[in-house]
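Next come the chains, spelled out residue by residue.
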Amino acid sequence: MNPVLADSGLPYGLPDFASISDDDFLPAYDAALAEHLAEVGDIASDPDPATFVNTVEALENSGRALARANGIFVNLEGPDSNPARQKIAQTLAVRLTEHANTIAMNPRLFARIEAVYATREEVGLTEPQRRLVEQRYRDAVRAGAALDETGQTQMREWSSRLATLTTDFGQRLLDDTNASAVLFDDVADLDGLSDGEIAAARRAATDAGHDGYLIALELPTSQGSVAKLTSADARRRVFEASIRRCARGNEYDTRDTVREIVELRARRARLLGYADHAEYVIAEQTAPSPQAAADLLADLGDAAMAAGGRELDRIADGAQLQPWDVTYALAASQRSGGGIDIDEFEQYCELESVLRDGVFTAAHTLYGLTMTERPDLHGYHPDVRVWEAARDGEGVGLFLGDFFARPSKRGGAWMNNIVDQSRSLGTSPIIVNVSNLTKPDDGEKCLLTLDQVVTVFHEFGHAIHGLLSDVDYVSQSGTSVPRDFVEFPSQVNEMWALHRDVVGGYAKHYRTGEPAPEALLDAVRAATATETAHSTIEYLAAAALDLAWHRLGPDEIPVDVLAFEEQALRAAGLWSELIGPRYRTTYFNHVFAGGYSSGYYSYIWSEVLDAETEQWFLTGGGLDRELGRAFADAVLSRGDSVDPVQAHAAMLGRDAQIGPLLARRGLAAPGE
């Protein structure tokens, strides 16, 4: 049997990655797609009247071989790509889209789904069952099932083309990010970087066939190295390389790709009866409308820009700042606060300690999760490590950690599922966290910046959401919630990074083992008590840019991508010569290659719930098992089997308010 589809016999169904070659994938998909179509054909042609069990539940539980193939391939192509996998991804992007369209537009199947939908209130369905019926019906309609033949033909063409374009965008971005790495000849140019970062730059240059030191680019506009490099010219070179990605007129340029993606998304939305792509997307989110999302960004933007002006004046201290100076000056200002250099905190944040004594310990205290490393189990790359997760002594799934950067891995940090939890299928979750930390030389330690510590906590918050899932249906499992809710649990988990009961466990000097001085911890907390105006503006500008692109009609697509970007940010009141968006259009992977189109606002939308939940925890006693259990039972374990916002409100005893978010972001007016 094809090793992609074969039962590995490993715990929790972990794939035997060592037995799988790239040549196995397309044959595996051939078999899996055919099997799924046969299953769907049987459901559609069932002579018995349509019921929840023989139609909706049967459809939900079909396609298991395809789900297995997707779980494996997606978790290879993103973090460990190669030319063969890129080619397979392009082929699959079209095939999988066509496959989904074939199922959605099967008239006999849609008639059966429609019949179950029409009687959903009369047949005694549970809430998860009713929600599943409603979601299946909406998914079919939104995929074109209710269109006439001409409309369905257009939907098929546009969807297939979009699948090709979005896959191509991500591949171009990976290639140009690698091609844009900045080479320095003289180590003196790297003054300000740590010894470990300099060693990594030297190793990267050698691996790329160069002498000298190669600074790889991170996914966002702001680069961690720019906040540290003392040479203004070195900062300029890295900053300019970052903002010019995929807009250099070379083979990796994404501007025409963006224009076509936006146009086709707009045409598809109009065909389905929506004003624009943003309305099409947000109809399935917790936000009531694109305007509601835009209004939140505007309300926060006014306060953020005012705070940003004050922040720039303070850090400039009379000097003339350039864009590549801002994060450096901001970091220097934070370091000098109280006479304590908070960069010293990095010496107390060794990866192993942060994981074992920070992230995992907090999850154990709150939720009863115990993480046991399984060196007998192996991931898809030698750097990937595997842990078994147990809750209150009972195994619940596997967690894979893929922490180190490499040229084959796209930038950023994210969570994926190889297997989703489902009681009806008897499956337990296999969760992956991916990040891009600098891999240390042999014998050295991986030290994390404060931002990286927070990111590790954030991504494990997604993992907790998946590991604690306890639902019947796979499509309601874990993080399968509205996009503008999915970031909420992970943002909540960030709160424990500097909590006194957590940081004291992991913050030990990587050489001496001495605990971090209280004065240093207090300085770090003080420096991060509120978000900088800079980071808020960066985020809001990117979210506004996303909405601006996706509120265009199909006949409004601009010729000049970068000119439109400036115009959109000016219109949103978020244009700044010194503070750009977190992602510019040409390298906005979340929006043009990921699942966040018209949804990048979701981080701040979720943060309203997160800030309220942080106060709920702190008021109730902080790192407390009973509070953790209540949060898990009300929200984390329920996935989309209930309305997640209503579940959160029931836990709080009221709807969330915006006040705690404004305070956290330093945007509340005096006295509020």
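This is a predicted model, so every value here is computed, not measured.

The rules behind these values
Residues numbered from 1 in each chain as written. Predicted model: local features only at pLDDT ≥ 70, side-chain atom pairs only at ≥ 80, totals over all residues. Heavy atoms only, no water. Helix = DSSP H or I, 4+ residues; strand = E, 2+ residues; numbered from the N terminus. Rg over C-alpha atoms; globule rule 2.2 N^0.38 Å. Buried < 20%, exposed > 50% of the residue type's maximum accessible area, 1.4 Å probe, protein only. Contact = heavy atoms within 4.5 Å. Areas by Shrake-Rupley, 256 points an atom, 1.4 Å probe, with all protein chains shown as cover. Pairing = 2+ DSSP bridges. Axes fitted to C-alpha atoms, helices over the stretch in contact; angles between N-to-C directions. Core = buried A, V, L, I, M, F, W, Y, C linked by side-chain atoms within 4.5 Å. Left-handed = near helix turned anticlockwise from the far one by under 90°. Nonpolar A, V, L, I, M, F, W, Y, C, P; charged D, E, K, R; others polar. Phe/Tyr/Trp six-rings, centres within 6.5 Å; stacked < 30°, edge-to-face > 60°. Lys NZ or Arg CZ within 6 Å of the ring centre and 35° of its normal. Parallel < 35°, antiparallel > 145°, perpendicular 65-115°, else oblique. Expected span 1.5 Å × (residues − 1). Arc of directions from axis to C-beta.

S.K.: Explain the overall build of the chain to me, and be specific about the residues and the numbers.
M.R.: When you go through the chain residue by residue, the secondary structure sums to 25 helices and seven strands. Relative to the compact-globule value of 26 Å for 672 residues, the chain shows a C-alpha radius of gyration of 25 Å, a close match. For the chain, the C-alpha atoms occupy an extent of roughly 75 × 60 × 60 Å along the three principal directions. Looking at the chain as a whole, 56% of its 672 residues are labelled buried. For the chain, the proportion of contacts with a sequence separation of at least 24, taken over those separated by at least 6, is 75%. In the structure as shown, the chain presents an accessible area of about 27200 Å², 48% of it carried by carbon and sulfur atoms.

S.K.: Could you give an account of the sheet that holds strand β4 (residues 385–391), naming the residues involved and the relevant values?
M.R.: Through backbone hydrogen bonds, the strands of a sheet pair up, either in parallel or in antiparallel fashion. On the basis of which strands lie adjacent, the open sheet formed by five strands has the order β3-β4-β5-β7-β6 and mixed pairing. The sheet is open, and its two edges are formed by β3 (369–373) and β6 (414–419), each paired on a single side. Averaged over all neighbouring strand pairs, the angle between strand axes comes to 30 degrees, with direction disregarded. Sheet topology note: the β6/strand β7 (residues 430–437) ladder contains five bridges and is antiparallel.

S.K.: So what's going on with the nonpolar core? Residues and values would help.
M.R.: Formed by 127 residues in total, the largest nonpolar core has its most connected members in Phe345, Tyr367, Tyr506 and Phe631. The element contributing the most residues to this core is helix α19 (residues 533–550), with 12 residues. Among residues more than four places away in sequence, those in contact with Phe631 are Tyr367, Phe488, Val492, Thr613, Trp616, Phe617, Leu636 and Met651.

S.K.: Report on the environment of Phe399, specifying residues and quantitative values.
M.R.: With respect to the helices and strands, the residue Phe399 is situated in strand β5 (residues 394–404). Separated by 154 residues in the primary sequence, Phe399 and Gly553 have C-alpha atoms spaced 43 Å apart. Once you skip the residues sitting within four places of it in the chain, Phe399 turns out to touch Phe360, Met371, Arg385, Val386, Trp387, Ile431, Asn433, Phe460 and Ala463.

S.K.: I'd love a proper account of the packing of helix α3 (residues 64–77) against helix α4 (residues 83–104), names of residues and values included.
M.R.: Their axes nearest at 11 Å, the elements α3 and α4 cross at an angle of 145 degrees. Handedness of the α3/α4 crossing: left-handed. Where α3 approaches α4, its residues Leu66, Asn70, Phe73, Leu76 and Glu77 are matched on the opposing element by Arg85, Gln86, Ile88, Ala89, Leu92, Leu96 and His99. Among the residues making up the contact of α3 with α4, the classes are represented as seven nonpolar, three polar and two charged.

S.K.: I'd like a rundown of the pairing of β7, residues and numbers included.
M.R.: Counting buried positions along β7 gives seven out of eight residues, so the element sits mostly inside the fold. Examined bridge by bridge, β5 and β7 share six bridges and lie parallel to one another. Residue Leu400 lies in a different strand from β7, and its bridge partner there is Val432.

S.K.: Can you lay out the packing of aromatic side chains for me, pointing to particular residues and giving the numbers?
M.R.: Evaluation of the coordinates by the stated rule reveals 29 aromatic pairs. Where Trp387 meets Phe399, the ring centres are 5.7 Å apart and the plane angle is 40 degrees; that geometry is what we call tilted. With Trp387 in strand β4 and Phe399 in strand β5, this pair connects stretches of sequence that are 12 residues apart. Each member of the pair Trp387 and Phe399 is classed as buried. Taken together, Phe485, Phe488, Trp496, Trp616, Phe617 and Phe631 form an aromatic cluster joined through their ring pairs. A cation sits over an aromatic face here: Arg120 above Tyr117, 3.9 Å from the ring centre.

S.K.: An account of the pairing of β4 is needed here, citing residue identities and associated values.
M.R.: When a strand is regular, its side chains alternate between the sheet's two faces. Counting buried residues along β4, five of its seven residues qualify, which places the element largely inside the surrounding structure. As judged from the five bridges shared by β3 and β4, these two strands associate in the antiparallel manner. Bridging from a neighbouring strand, Thr372 pairs with Glu388 of β4. Between the end of β4 and the start of β5, which pair antiparallel, lie two residues, with Asp392 showing a positive phi angle near 50 degrees.

S.K.: Talk me through the packing of helix α12 (residues 290–316) against α19; I want residue IDs and the actual numbers.
M.R.: Between α12 and α19, the shortest axis-to-axis distance is 9 Å and the interhelical angle comes to 150 degrees. As summarised for this structure, α12 and α19 are arranged roughly antiparallel, according to the angle between their axes. In the crossing of α12 with α19, the sense of the turn from one axis to the other is left-handed. Of α19, the residues touching α12 (which contributes Pro290, Ala293, Ala294, Leu297, Leu300, Gly301, Ala304, Met305, Ala307, Gly308 and Glu311) are Ala533, His534, Thr536, Ile537, Leu540, Ala543, Ala544 and Leu547. Broken down by class, the residue content of the contact of α12 with α19 amounts to 14 nonpolar, four polar and one charged.

S.K.: Now, about helix α5 (residues 107–118): what can you tell me, with residues and values included?
M.R.: For α5, which comprises 12 residues, the first-to-last C-alpha distance of 16 Å matches the rise-based estimate of 16 Å (1.5 Å per residue) to within 8%. Within the sequence span of α5, burial applies to Leu109, Phe110, Arg112, Ile113 and Val116. Viewed along the axis of α5, the buried residues span an arc of 160 degrees, placing them on a single side of the element. Exposed side chains of α5 directed beyond 90 degrees from the buried face belong to Pro107, Arg108 and Ala118.

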